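Each chain is listed here by its residues.
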Amino acid sequence: MRFNISSRTIAIILSLLVAAVLTTLAWLAPTLPFEQGVLAAGITIAACFLLLYLMFEALIFREINNIYEGLENIKRKEFRRMSNKFLFRPEPLKRMRDEILDMAQRKQQEIDELKRLQALRREFLADVSHELKTPIFAAQGFVHTILDDDDVDEFTRKKFLQKAATSLDALDALVQDLVTISQLEKGVVRMRRQRFELGQLVQDIFEQLELKAARRHVMLELMPQTTSSLVVADRNRIRQVLINLIDNAIKYGRENGHVRVSFAETGKRLRVQVQDDGEGIPKQHQNRIFERFYRIDKSRTRESREAGGSGLGLAISKHIVEAHKSAIRVRSEPGEGTTLEFKLPRPRHIPEQTASGEVNVPE
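Think of each chain on its own: its residues are numbered from 1, step by step along the sequence as written. Owing to the predicted nature of the model, reporting of local features is limited to residues with pLDDT of at least 70; listing and counting of side-chain atom pairs is limited to 80 or more, with chain, interface and lining totals taken over all residues. To obtain the side-chain values, all non-hydrogen atoms of the structure were used and water was disregarded.

As annotated in an unreviewed UniProt entry, the protein chain carries the name histidine kinase and is attributed to Hymenobacter rigui. UniProt positions are given in the numbering used here, feature names are shortened, and annotations may be inferred rather than shown by experiment. Word for word, the UniProt comment on the protein chain under Catalytic activity (unreviewed entry) is "ATP + protein L-histidine = ADP + protein N-phospho-L-histidine."

(A) Examining the packing of aromatic side chains more closely. Two rings from Phe, Tyr or Trp (for Trp, the six-membered ring) form a pair when their centres are within 6.5 Å of each other. A pair whose planes differ by under 30 degrees is stacked, one over 60 is edge-to-face, and the rest are tilted. Tallying each qualifying case throughout the model produces one aromatic pair. Ring plane angle 55° and centroid distance 5.4 Å describe the contact between Phe 142 and Phe 160, whose orientation is recorded as tilted. Of the two residues, Phe 142 sits in helix H3 (residues 92–148) while Phe 160 sits in helix H4 (residues 154–186), which places them 18 residues apart along the sequence. Secondary structure elements are taken from DSSP: a helix is a run of H or I of four residues or more, a strand is a run of E of two residues or more, and numbering for both begins at the N terminus.

(B) The arrangement of the pairing of strand E2 (residues 219–222) in detail. Residues Leu 220 and Leu 222 point to one face of E2 and are all buried, whereas Met 219 and Glu 221, pointing to the other face, are not buried. For two strands to pair, DSSP has to find at least two bridges joining them. Examined bridge by bridge, E2 and strand E4 (residues 258–266) share four bridges and lie parallel to one another. Note that in E4 the partner of Met 219 across the bridge is His 258. Burial status follows relative accessibility: with a 1.4 Å probe on protein chains alone, a residue under 20% of its type maximum counts as buried, one over 50% as exposed, and anything between as partly exposed.

(C) Quick peek at unusual backbone geometry. Of note in this structure, His 217 is not a glycine but carries a positive phi near 55°. Topologically, His 217 is positioned in the loop between helix H5 (198–215) and E2. Classification of His 217 as exposed rests on a relative accessible area of 51%. If you check the backbone angles, Lys 325 has positive phi at about 60° while not being a glycine.

(D) Layout of the pattern of salt bridges. The rule for a salt bridge is simple: a side-chain nitrogen of Lys or Arg has to be within 4 Å of a carboxyl oxygen of Asp or Glu. Considering all chains together, one arrives at ten salt bridges under this definition. Where Arg 254 meets Asp 277, a salt bridge forms, and the shortest distance between an N and an O atom there is 3.0 Å. Of this pair, Arg 254 sits in the loop between helix H6 (235–252) and E4 while Asp 277 sits in the loop between strand E5 (269–276) and helix H7 (283–286), placing them 23 residues apart in sequence. Look at Arg 254 and you get partly exposed, because its relative accessible area is 43%. Glu 341 is the partner of Arg 331 in a salt bridge, and the nearest nitrogen-oxygen pair spans 3.4 Å. You can see Arg 331 sitting in strand E6 (residues 329–332) and its partner Glu 341 sitting in strand E7 (residues 338–345), a full ten residues away along the chain. By relative accessible area, Arg 331 is classed as partly exposed at 44%. One network of salt bridges, with partners in common, ties together Lys 212, Asp 247 and Lys 251.

(E) Geometry of the sheet that holds E4. The sheet built from five strands is open, its strands ordered E2-E4-E5-E7-E6 with mixed pairing. Sheet topology places E2 and E6 at the edges, where each strand pairs with a single neighbour. Along the sheet, successive strands turn relative to each other by an average axial angle of 20°, direction set aside. Here E6 pairs with E7 via four bridges, running antiparallel. Note on E7: the bridge partner recorded for Arg 331 is Thr 339. Contact criterion: two residues are considered in contact whenever any of their non-hydrogen atoms come within 4.5 Å of each other. Note on method: axes are straight lines fitted to C-alpha atoms, helices fitted across the in-contact stretch only, with angles between N-to-C directions ranging 0 to 180 degrees. The strands touched by H6 are E2, E4, E5 and E7; relative to E5, the strand with the most contacts, the crossing angle is about 25°.

Pasting the structure below:
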């Protein structure tokens, strides 16, 4: 049964009890011998102390209970132990203060994280709208030019339609990348792991990108392999990762430079490195280059758009590598180029190969 007694009532009761004890002492003290008077005074002091302590504890801890009940309603999992477990422990108010401050700090961190995510969401929406508008407006301009001018010759008409088609192809690629990254973030994309030779995949990608590299006079090099490059991974997804990394190395590396891909065995995994000799990435940008649509400067934004990039390549690559239980790491110094690396699992044993040289391996 719980009694709701106000603090004023408790204070009045406490005052009356203390007054009664002191009055009794004052009434009996003159009639007692000296030794008994000293003993009675000691007993009175002890009784007053015990009385004050018990009443003070009851008053304070009732308020503590109310505070903890409120905290329990806010977050039950964090405050399962109620204040009666702290009764008569040293410095109970300090304990309560520390817990409240700790909870306040956690709540502030949650608020800061929500603010950061909100800012990222606004930035992402602004970037998406900008990236979508660019090809749409371009295609719209070319089509309306043809429609509004009846005197456009066949050559110009075909040229403008080709430019509109190119813009719409870029828009389609952007939408496909947005769908891909959304599926990767939700975890609905299943990695189809199989055994394959990574070195041969890199050579195929080099052939695909050799014209782009030739325009910038960049030499593509697969460093001499001192170990087998057999891995177990989703070949198509890893191909997508390597195309993104090598394509970025070509675009942002030094003209007349080199883009090198190398492998190194690290225990049960194979480390893959893609290195360029470009300007490098400043420290303050290295943790953000895998964010969607993040680019270091505006000139890179224009270059990427002209080259058909969606701004999502590194973000997609990051999610694909993480789905393989790994992470992409960046090492870069201004003026010394950039190296991006990740690791892939190696096969535990060599199973019987099919005609294509690839064997499905259970995850």
